[in-house]
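Secondary and tertiary structure notes
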Amino acid sequence: MIRSWSRNPLLIFIIVLVIPIAGTLLSGLIMFDLPQSDVQQLVTFMTFTGILSSSLSFAFYRLGVLEWFRSLRWTIWTMIALMVGMIFLNVWVIARFTFIEQHYLSLTSVLLVFAGLSALTIGFFASKTMTDRLSELTDATQLLAGGDFSTRLKISGNDEIAQLAATFNAMAQSLGEVDDQKRQLEQTRRDLTAWVSHDLRTPLTSMRVMIEAMLDGVVQDKETIHRYLDSSRAEIEHLAYLIDDLFELAQLDVGHLTIHMQQASISDLISDTLGSMQPKARQHGIRLLGEVAEDVDMIGMAPDKIQRVLSNLVDNAIKYTREGESVTLRAYRSADDIRIDIHNSGSYIPQDVLPRLFESFYRGEGSRMRGDDGARGTGLGLAIARGFIEAHGGRIWANSEEEAGTTFSFTLPQSLESGDRRL
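Let me sum up the structure you'll find in this document.

Reading the values: rules and limits
- Residues numbered from 1 in each chain as written.
- Predicted model: local features only at pLDDT ≥ 70, side-chain atom pairs only at ≥ 80, totals over all residues.
- Heavy atoms only, no water.
- Helix = DSSP H or I, 4+ residues; strand = E, 2+ residues; numbered from the N terminus.
- Expected span 1.5 Å × (residues − 1).
- Bend = angle between axes of the 7 residues up to and from the residue.
- Buried < 20%, exposed > 50% of the residue type's maximum accessible area, 1.4 Å probe, protein only.
- Polar contact = N/O pair within 3.5 Å; in protein donor to acceptor, adjacent residues only side chain to side chain.
- Core = buried A, V, L, I, M, F, W, Y, C linked by side-chain atoms within 4.5 Å.
- Contact = heavy atoms within 4.5 Å.
- Salt bridge = Lys/Arg side-chain N within 4 Å of Asp/Glu carboxyl O.
- Axes fitted to C-alpha atoms, helices over the stretch in contact; angles between N-to-C directions.
- Left-handed = near helix turned anticlockwise from the far one by under 90°.
- Nonpolar A, V, L, I, M, F, W, Y, C, P; charged D, E, K, R; others polar.

1. Some words on helix 8 (residues 266-283)
Taking 1.5 Å as the rise per residue, helix 8 with 18 residues should run 26 Å; its terminal C-alpha atoms sit 26 Å apart, in good agreement. Considering bend angle alone, the principal kink of helix 8 is centred on Met 277 and spans about 40°; proline Pro 279 follows within four residues of it. What helix 8 keeps buried is the set Ile 266, Leu 269, Ile 270, Thr 273, Leu 274, Met 277, Lys 280 and Ala 281. One side-chain oxygen of the residue at the start of helix 8 lies 3.3 Å from the amide nitrogen of Ser 267, identifying that residue as Ser 265. Trailing helix 8 by a residue or two, Gly 285 shows a phi angle of about 70°, which is positive.

2. Details of the nonpolar core
By size, the foremost hydrophobic cluster in this structure holds 44 residues, and its most contacted members are Ile 266, Ile 340, Ile 342, Leu 357 and Phe 410. For this core, the leading source of residues is helix 9 (residues 303-319), giving seven residues. Here Ile 340 is in contact with Ile 266, Ile 270, Leu 310, Leu 329, Arg 330, Ala 331, Phe 408, Ser 409 and Phe 410, once residues within four sequence places are set aside. Residues Leu 137, Leu 144, Leu 153 and Phe 168 belong to the second largest nonpolar core, which totals seven residues.

3. Focus on the pattern of salt bridges
In this structure the tally under the stated criterion is eight salt bridges. With its nearest N and O atoms 2.3 Å apart, the salt bridge here joins Lys 280 to Asp 315. Within this pair, whereas Lys 280 is found in helix 8, its partner Asp 315 is found in helix 9, the two being separated by 35 residues in sequence. Asp 315 matches Lys 280 in its accessibility class, with the two residues each being buried. Salt bridges sharing partners connect three or more residues here, namely Glu 291, Arg 330, Arg 339 and Asp 341.

4. With respect to unusual backbone geometry
The phi torsion at Ala 335 lies on the positive side, around 60°, for a residue other than glycine. Within the secondary structure, Ala 335 sits in the loop between strand 4 (326-334) and strand 5 (337-344).

5. Structural notes on the packing of helix 9 against helix 10 (residues 381-391)
At a minimum axis separation of 9 Å, helix 9 and helix 10 run at an interaxial angle of 145°. Here helix 9 and helix 10 pass one another in a crossing that is left-handed. From helix 9, Lys 305, Ile 306, Arg 308, Val 309, Asn 312, Leu 313 and Asn 316 reach across to helix 10, where they touch Gly 381, Leu 382, Ile 384, Ala 385, Phe 388 and Ile 389. Split into classes, the residues belonging to the contact of helix 9 with helix 10 amount to eight nonpolar, three polar and two charged.

In structure tokens, the structure reads:
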């Protein structure tokens, strides 16, 4: 609205001229009941002085004179001085032509000078109130620009400057949060580089030693050569798993992974997982049990991704469960979701570790340990599992008690539709 007015300077000029004249005449006729002759004389004088003062103020507006000052305080003083000058000019000219006695004109002039100086005094304190708060904002902005994201302004008043201070505080808080995330991301990048370097160096070094031993003739009997080749194959598989995990996690992070949703049986997925993990469980002397509620059946999901989550969680449970203990997988309805629990009775995760288990690239020391069968985890499986479950609109978490053991749980909504979904 203001911009549209600024394109019509003539309209602004007319409004500035008409409003004071109309207001004065209205008050003169209604409140003071002036004679008709005096009203006509007032209109003449006010029109003349109004055109003069309005032209002057409009010229200041169009030329942007008030923008020339380097201090808001001087700008406010100048505005007050202009207003006082216009009032003095209008009243003095009208008084000069209406008052007959010079005594009354001199008295009016003195009173106008007094009123003008009083207005300037008030303007000084008014401008100081604003400029002091703006100076604090300037200082805080410089601190923020220097990296001090804890900088906050004291909010006083309810005007636009107070709103600006509140906006500044919100911006500083947001920048602080972004800076914290940036620092965490940088630390994560360093950790990831160290972890990947470690996981790549270990199998490569192992394979190089075994291959050099065979090439140099240090190892010649067929049994040892076969064992070395079998170990090299296991290391290559580990490298393949590591690369696949890194690639999949990178796709999850940047949102470039597409999952294919379809109606599938969660019972069949659980049965397949138990069947494939049973040999490993028996090898470790662990009982692997399963329980699926009767009302849990077909739901919308990406079967390959949920199978990956189930296999990862059950594999971890077997890996960290002592011989003679058990791993139990249960699926049942929970409100409007399907809930799946993977419980192992022989392990405990400290409470301070639980919240970080599903963070990208977080690895506890235990995840780096080689199992009895020589297999090593990549340490990225739980982060990938979280990405898959959240892509389905579910959630995943863990609980652990020293006496009861550890339970990994996740939920899947029952109302997901079939089709491709971009993560």
